[in-house]
Each structure stands twice: as C-alpha cells, then as structure tokens.
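Descriptive structure summary
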Amino acid sequence: MSASASFSAAKAAAGVGAARIRPLGAPRAVARALRRTRSTAPAAPAPLTLTRRGRLVFLGLPVLTGAAALVVLAVVFLVPSTATATSEPVSGAGTGRATVHPGQTLWDVAVAADAQRDPREVMDEIVELNDLETSVLLAGQVLEVPAA
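Residues numbered from 1 in each chain as written. Predicted model: local features only at pLDDT ≥ 70, side-chain atom pairs only at ≥ 80, totals over all residues. Heavy atoms only, no water.

Before going further, it helps to spend a moment on the nonpolar core. The biggest cluster of nonpolar side chains holds 12 residues, and these are Val100, Leu106, Val109, Ala110, Ala113, Val122, Met123, Ile126, Leu132, Leu137, Leu143 and Val145. Elements with a minimum of two residues in this core: α4 (106–113), α5 (119–130) and β2 (142–146). In terms of residue count, α4 provides more of this core than any other element does, four residues in total. When residues no more than four places from it in sequence are discounted, the contact partners of Leu132 are Ile126, Val127, Leu137, Gln141 and Leu143. (Core = buried A, V, L, I, M, F, W, Y, C linked by side-chain atoms within 4.5 Å. Buried < 20%, exposed > 50% of the residue type's maximum accessible area, 1.4 Å probe, protein only. Helix = DSSP H or I, 4+ residues; strand = E, 2+ residues; numbered from the N terminus. Contact = heavy atoms within 4.5 Å.)

At their nearest, the axes of α4 and α5 sit 9 Å apart, and the two run at 105° to each other. The angle between α4 and α5 places the two elements in the roughly perpendicular class. Between α4 and α5, the residues in contact are Leu106, Trp107, Val109, Ala110, Val111 and Ala113 and Pro119, Arg120, Val122, Met123, Ile126 and Val127, respectively. Across the contact of α4 with α5, the residue classes break down as 11 nonpolar, no polar and one charged. (Axes fitted to C-alpha atoms, helices over the stretch in contact; angles between N-to-C directions. Parallel < 35°, antiparallel > 145°, perpendicular 65-115°, else oblique. Nonpolar A, V, L, I, M, F, W, Y, C, P; charged D, E, K, R; others polar.)

With that settled, consider α5. Taking 1.5 Å per residue, 12 residues should reach 16 Å; α5 reaches 16 Å between its end C-alpha atoms and fits that length. Here α5 has its buried residues at Pro119, Val122, Met123, Ile126, Leu129 and Asn130. Angular distribution of buried residues about the axis of α5 spans 130°; they occupy a single face of the element. Of the exposed residues in α5, the ones pointing more than 90 degrees away from its buried face are Arg120, Asp124 and Glu128. Following α5 by one or two positions, Asp131 adopts a phi angle in the positive range, close to 55°. (Expected span 1.5 Å × (residues − 1). Arc of directions from axis to C-beta.)

Moving on, we get to unusual backbone geometry. Excluding glycine, residues mostly carry a negative phi; peptide bonds, for their part, are mostly trans. Not every positive phi belongs to a glycine, and Asp131 is a case in point at roughly 55°. Structurally, Asp131 can be placed in the loop between α5 and β2. The exposure class assigned to Asp131 is exposed, which follows from its relative accessible area of 66%.

On to α4. Looking only at α4, the buried set comprises Leu106, Val109, Ala110 and Ala113. Buried residues of α4, seen end-on, are gathered within an arc of 100° and therefore sit on one face of the element. Contacts from the buried residues of α4 go to α5 and β2.

To continue, consider the pattern of salt bridges. If you walk through the whole model with that rule in mind, you get four salt bridges. For the salt bridge of Arg97 with Glu144, the shortest nitrogen-to-oxygen distance reads 3.3 Å. A residue pair is termed long-range when its members are at least 10 positions apart, and Arg97 in strand β1 (residues 95–99) and Glu144 in strand β2 qualify at 47 residues. Since its relative accessible area comes to 63%, Arg97 is described here as exposed. Residue classification places Glu144 among the buried positions, given a relative accessible area of 2%. Linking Arg117 and Asp114 is a salt bridge whose minimum nitrogen-to-oxygen distance equals 3.8 Å. Of the residues examined, Arg117 reaches a relative accessible area of 28% and is grouped as partly exposed. With relative accessibility at 8%, the residue Asp114 sits in the buried group. Connected through shared salt-bridge partners, Asp114, Arg117 and Glu125 make up one network. (Salt bridge = Lys/Arg side-chain N within 4 Å of Asp/Glu carboxyl O.)

This is the structure:
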C-alpha cells in the first residue's frame, strides 16, 4: 500500500474530509449520487412553541365563547316571561260587553260600540277580541267590544 492510499484511509477512518474522498477509479456521477443521498436526510421537526398572542387565542377564545353561552342561557332561563297566552277573551278598561240582538249584524254591533270611528276598523277589533272565524252572529251571543 502506498503512502497516499494509507493517508486517505486514515482520513476516512477519522471522518476528516470524508465528503471529498472518492474511491479510486469511480466516476464523478457516482460520487455526486452518494453526496445527494447523504444530504437529503430528513431533519427532525422543531418543537411547536406558542407566542403570547397564540396562547391568548388558543385558550382565551374558547373561554370567551363558553362565557357568552352561559350568559345567554342565564338570560333565557332566569328572566321571567312577561307575556302569557290565553284563549279567554280580552277584557279590560278599553273594552266592554255587548249582547247581540236578533237580526243584528257585525256592522250594527260595531256602529253601536263606537259611532265616531270607521265601522270597518271597529269590526276588525271585535273579530280580534273575540277570536271570531266568521262574521255570522247568533242572537244572545255576548261579545267583547272596544270602548268608545
């Protein structure tokens, strides 16, 4: 073995200049291919780190959404309802009672209830107050009418 060959073997064993040493008689293309396979090894991924703003978004947004949902639920269940539904006719200070006489129409009842207003508007209110489905009235029927 010659001195240069033993020197090259010693360098290769020590790892010094190993990328530059190629076997004697090997073509350059083979040496390039060997270098490419060594350099394309995947690097280890860096650990994930969050910035202060990232932590705020990652942790604060779900907390804020949960708090908003709790407020909505509290309002829905704890605030008492002020409106109540009923099937009873509405009576109050703004209404009165009228009894239908034989041959009397809804128009006649509306004119008798409030002669100053348009009878069509009063008729609409009577229908709404009494939840009437038709304009046919029966003698003796008691109706809630708007007060004059």
